[in-house]
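Observations on chain architecture
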Amino acid sequence: MQKQPMLQFVTVDREMPLKRPPDLRAHDFAEIYGEFAAEKAAQQAGRCSQCGVPYCQTHCPLHNNIPDWLMLTAQGRLREAYEVAQSTNTFPEICGRICPQDRLCEGNCVIEKAGHGTVTIGAVEKYITDTAWEEGWVAPLQPRQERAESVGIVGAGPAGLAAADMLRRDGYQVTVYDRYDRAGGLMVYGIPGFKLEKPVVERRNQQIAQGGVEFVLNCDIGADISFDALRGRHDAVLIATGVYKSRELEAPGVGAGGIVRAIDYLTASNRKSFGDEVPEFESGELNAFGKRVVVIGGGDTAMDCVRTAVRQGARSVKCLYRRDRDNMPGSLREVANAEEEGVEFAWLSAPTGFAGDAVESVRVQQMRLGRPDATGRRAPEAIEGADYAEPADLVIKALGFEPEDIPTLWNVPELEVTRWGTVKADFRTHSTNMPGVFAAGDIVRGASLVVWAIRDGREAAAAIMEYLAAPAQLAAE
Ligand SMILES: Cc1cc2nc3c(=O)[nH]c(=O)nc-3n(C[C@H](O)[C@H](O)[C@H](O)COP(=O)(O)OP(=O)(O)OC[C@H]3O[C@@H](n4cnc5c(N)ncnc54)[C@H](O)[C@@H]3O)c2cc1C
Ligand code: SF4
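Note that this is a predicted model, so its numbers are computed, not measured.

**Some points on the site of ligand 1**
As a matter of local geometry, ligand 1 sits amid 34 residues, with I98, D178, K195, Y244 and D442 nearest to it. Here an oxygen atom of ligand 1 sits 3.3 Å away from a polar atom, N or O, in the main chain of L449. Here an oxygen atom of ligand 1 and a backbone polar atom of V450 are 3.0 Å apart. Coverage of ligand 1 by the protein chains reaches 97% of its 1000 Å² of free accessible surface. Elements represented by at least two residues in the shell around ligand 1 include exactly α8 (158-169), α14 (300-311) and α18 (450-469).

**Thoughts on the sheet that holds strand β6 (residues 259-261)**
The strand order across the open sheet formed by five strands is β6-β13-β7-β8-β9, and the pairing between neighbours is parallel. The open sheet has two free edges, formed respectively by β6 and β9 (344-346), since each of these has just one partner strand. Across the sheet, the mean angle separating the axes of adjacent strands is 25 degrees when strand polarity is ignored. Strand direction decides the pairing type here: strand β7 (residues 292-296) and strand β13 (residues 394-397), joined by four bridges, are parallel. Its bridge partner lying in β13, I296 is registered against K397. Packed onto the sheet, α14 meets β7, β8 (316-320), β9 and β13 and runs at close to 170 degrees relative to β8.

**Quick notes on the sheet that holds strand β4 (residues 236-239)**
The strands making up a sheet associate through hydrogen bonds between their backbones, and the pairing can be parallel or antiparallel. Strand order in the open sheet made by the five strands is β3-β2-β1-β4-β15, with parallel pairing throughout. Because the sheet does not close on itself, it has two edges, and the strands there are β3 (214-216) and β15 (437-439). Ignoring strand direction, the axes of neighbouring strands in this sheet form an average angle of 20 degrees. The pairing of strand β1 (residues 150-154) with β4 spans four bridges and is parallel. The partner of V154 across the bridge, within β4, is I239.

**Here's the deal with the packing of α8 against α18**
Remark: α8 packs on α18, axes separated minimally by 7 Å, with the N-to-C direction vectors making an angle of 40 degrees. By the criterion of interaxial angle, the relationship of α8 to α18 is oblique. The hand of the α8/α18 crossing is right-handed. Facing α8, whose interface residues are P158, A159, A162, A163, M166 and L167, α18 presents V450, A453, I454, G457, R458, A461, I464 and M465. Class assignment of the residues belonging to the contact of α8 with α18 gives a composition of twelve nonpolar, one polar and one charged.

**Quick word on the packing of aromatic side chains**
Tallying each qualifying case throughout the model produces six aromatic pairs. Judged by centre distance (6.2 Å) and plane angle (75 degrees), the rings of Y189 and F274 are edge-to-face. Of the two residues, Y189 sits in helix α9 (residues 186-189) while F274 sits in the loop between α12 (262-273) and α13 (279-282), which places them 85 residues apart along the sequence. Judged by its relative accessible area of 23%, F274 is partly exposed. Consider the rings of F227 and W410, whose centres lie 5.0 Å apart with planes at 25 degrees: the pair is stacked. With F227 in helix α11 (residues 227-233) and W410 in the loop between α16 (406-409) and β15, the pair connects residues that are 183 residues apart, well separated along the chain. Here the two residues F227 and W410 agree in accessibility, since each one is buried.

What counts, and at which threshold
- Residues numbered from 1 in each chain as written.
- Chains lettered and ligands numbered in written order.
- Predicted model: local features only at pLDDT ≥ 70, side-chain atom pairs only at ≥ 80, totals over all residues.
- Heavy atoms only, no water.
- Near = heavy atom within 4 Å.
- Polar contact = N/O pair within 3.5 Å; in protein donor to acceptor, adjacent residues only side chain to side chain.
- Areas by Shrake-Rupley, 256 points an atom, 1.4 Å probe, with all protein chains shown as cover.
- Helix = DSSP H or I, 4+ residues; strand = E, 2+ residues; numbered from the N terminus.
- Pairing = 2+ DSSP bridges.
- Axes fitted to C-alpha atoms, helices over the stretch in contact; angles between N-to-C directions.
- Contact = heavy atoms within 4.5 Å.
- Parallel < 35°, antiparallel > 145°, perpendicular 65-115°, else oblique.
- Left-handed = near helix turned anticlockwise from the far one by under 90°.
- Nonpolar A, V, L, I, M, F, W, Y, C, P; charged D, E, K, R; others polar.
- Phe/Tyr/Trp six-rings, centres within 6.5 Å; stacked < 30°, edge-to-face > 60°.
- Buried < 20%, exposed > 50% of the residue type's maximum accessible area, 1.4 Å probe, protein only.

Put into structure tokens, the structure is as follows:
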């Protein structure tokens, strides 16, 4: 079903000697960078046992051909390693940086399971793609032919961009609309620059724009252009708007000054890194400098907030989470990073109220884990009489995200959504119940990962191509 870009003449020779013997253990280094990067990458890649049961590949949402690119890297055939890596992934250098590899490819590496420490697959993926950019091996986006049909994509996050890239390569006229002033979605304004450097995203945006994809930025679909008008402009439309409604906390005093949403806090910090004027940052409202910061939540967004606060020069940074370390939703690797940077975690702790007009403290209730709830997770229960006041000048709520109410906002009540408000789309074709309208990424899955958004975007692009090739046939099915 999914069309893959042509892979050019890469033959993997398993008999060829490795560039370096596999003499390095994972724990000798965590990342591949700096001096001797090529040797380190080759050594690390050479640790792959070529086990023949590539759980790493099955647990990568893009089913990247990891064993082959590791073998090629170990043999010093970097250009071919890059060709293999990019054949299934639109943004390999981005995934190499920010995939939670401990839950995906690396967590399922056979060597990791045997207790010898995983091959650092993400670091190798990042290294070979960064090298490809430096060496000029990354080909410009060039359509194979020009086609008359046009596709409108709402949302310039990874799902929308991955779809735009594939559609344009096949010659379609593609316009990407985004309400932000920059393309990239959460890769630009959510994920902090210390995890994903912004020029890495900008470089891809430019490549896509130079390939002929039109970007219409500062354009809020539903407000600046109606969804109906958008459908009238294009032969097919992809909804890739992500999820942006922050989950709120209900507790006395939650409206006090200094209690802010994670997305606002991280967006301000990212905008600052671009050199933008950000009044809420200058005023101190969204700046942790010199403050006692309390972050509420146990997901990756909470980890990004605590680590950003440390970098902004907070006086102290504490993270409250109502379950324990083993039951937190975020990556344990991220917790370890935060702890190394001086963040304190208060496990089994839930906020029950806030004191002060401008927040002065958080009332913290200590919890224990009780019986499993309907989801199978052990539910946190309050320990009677065990609570205390935690001093705070800035409280950041990082409780997760939900979809906005698209049918209402866009005045399309007929667009089917699930009971969680995500857009209902076929899991294979990504088509919605409206003819010619497809959906991909977080707006379908709920808050997820960049790598899943890329996969969805690529699959949706392939389905749109089929639809445009034979719309009548698909409609009849
Ligand atoms: C703080 C944070 C940290 C994260 N860290 C990681 C990480 O380390 N690794 C990882 O894999 N994932 C991470 N994620 C998740 C990841 O960023 C998302 O899963 C991914 O970006 C979803 O891609 P998307 O294209 O579906 O949506 P988005 O990236 O959210 O992009 C959607 C785009 O649609 C635009 N849009 C929305 N509505 C409209 C409209 N009406 N009109 C026009 N444009 C509109 C938005 O402006 C946005 O640019 C993180 C998320 C957050 C919030
Ligand atoms: S895309 Fe992500 S999961 Fe797949 S190989 Fe790369 S880092 Fe691992």
